[in-house]
Amino acid sequence: MTRPLAASLLQLPPGPWVTVLDALCAHFPRIDRGQWESRFARGLVEDEAGSPLTADAPYRVGLGVRYFREVIDEQPIPFRETLLHVDQHLVVVDKPHFLPVTPAGGFVEETVLARLTRHLGNPALAPLHRIDRHTAGLVLFSANPDSRAAYQALFRERRIDKGYEAWAAPLPALDFPHVRRSRIEPGEPFFRMREAEGVANSETWIDPIERTEQCWRYALRPVTGRKHQLRVHMAGLGAPILHDPFYPELSEQAPDDPARPLQLLARRLAFIDPLSGRPREFVSELSLLSPP
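Residues numbered from 1 in each chain as written. Predicted model: local features only at pLDDT ≥ 70, side-chain atom pairs only at ≥ 80, totals over all residues. Heavy atoms only, no water.

1. Quick look at the packing of aromatic side chains
The condition is simple: In summary, the pairing rule links any two rings of Phe, Tyr or Trp, Trp by its six-membered ring, whose centres are within 6.5 Å, and it sorts them by plane angle into stacked for under 30 degrees, edge-to-face for over 60 and tilted for everything else. Per-residue accessibility, obtained with a 1.4 Å probe over protein chains only, is compared with the maximum for each type, and a residue is labelled buried under 20%, exposed over 50%, and partly exposed between these values. The helix and strand labels rest on DSSP assignments: H or I over at least four residues marks a helix, E over at least two residues marks a strand, and numbering proceeds from the N terminus.
Inspection of every chain in the model, using the stated rule, returns 12 aromatic pairs. Taken together, a centroid distance of 5.3 Å and an interplanar angle of 85° make the contact between Phe190 and Phe191 edge-to-face. Using a relative accessible area of 61% as the deciding quantity, one classes Phe190 as exposed. Taken together, a centroid distance of 5.1 Å and an interplanar angle of 40° make the contact between Phe191 and Phe246 tilted. Here Phe191, found in the loop between strand S9 (178-186) and strand S10 (193-196), pairs with Phe246, found in the loop between helix H5 (229-236) and strand S13 (264-272); they are 55 residues apart in sequence, far enough to count as distant.

2. Brief notes about the pairing of S10
Quick note on the threshold: Only strands joined by at least two bridges in the DSSP assignment are considered to pair.
In terms of strand pairing, S9 meets S10 through four bridges, oriented antiparallel. Across the sheet, the residue bridging to Pro186 is Met193, located in S10. Remark: six residues form the turn of the hairpin made by S9 and S10, two consecutive strands paired antiparallel.

3. Brief notes about the pairing of S9
Relative to strand S11 (residues 202-211), S9 is paired through five bridges, and the arrangement is antiparallel. Within S11, the position partnered with Arg180 by the bridge is Thr204.

4. Quick word on the nonpolar core
Put simply, the test is: In this text, buried Ala, Val, Leu, Ile, Met, Phe, Trp, Tyr and Cys residues form a nonpolar core when linked through side-chain atoms within 4.5 Å. Domain delimitation follows an automatic or database domain assignment. Only heavy atoms matter for contacts: two residues are in contact if any of them lie within 4.5 Å across the pair.
Counting 29 residues, the largest nonpolar core has Phe141, Tyr218, Leu220, Met234 and Leu264 as the members making the most contacts within it. Looking at this core, the elements with two or more residues in it are strand S5 (90-95), helix H3 (112-120), strand S7 (136-142), strand S8 (160-168), strand S12 (216-222), H5 and S13. Residue assignment places this core across two domains, with domain 2 (82-156) and domain 3 (163-265) each supplying three or more. Setting aside residues up to four positions removed in sequence, Leu220 forms contacts with Lys162, Gly163, Tyr164, Ala166, Trp205, Ile206, Leu230, Met234 and Leu264. In this structure, Leu12, Cys25, Phe40 and Tyr59 belong to the second largest nonpolar core, which totals 17 residues.

Limitation: the analysis is restricted to geometry and does not speak to function.
Written out as structure tokens, the structure is:
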């Protein structure tokens, strides 16, 4: 088995454990102790400085542990990303449906980050933002740690114009363009979000750009960047995005269906480059079903 490309870092929390191995087994109960012992034996658990730890390394509160995620018999994802732009600071990629941006759940090597790192030979690559694996479209990566903070600030300070498209049910009773504001919080199970009472922490601009009898194609502009924001807002309006397996109700778990991808596309990203001061715009080469 090849060594994973990037390590995750865990600061060990307070607990009754004797060894680092004990702490990791308690913190990640879904991972078998034997798998952790194998990772220690193969040098896939390190201290914060990058030195390998042994399975009997003593536990200490606050110890920084670098561990390499891996999935036994990880299933290949047949859909390929398209590289749209590369320079010394930025990498822009068109991500297909079903491909995760970063390691999560059952995916480590079959992610955009791992594929790009191998293809470009740049272990310093880091995503500047995320779109979930069911969504297709544009993702920006930082290629240079020295300029990363300047580009991260574009998202943090809302100085980047993000344009999405989605197919969903008609909303003839709404006046457009419509702005949806609500409070989005974690729901159940842990990977779903929900709208709740309280001060709004999310905002989305919505306008139809194509209308058919059964579905409308909407332009969506998220002002904020909450997890699953567009999917939650459209479902909250009574027009869940077509083929959404999470909203408004969680579908039964099933293999990915290439014929029924979530009809949500990250179409456009535009901003003033923080280094050059010049306007930049990237547009996805992908498209949604027309019409579904």
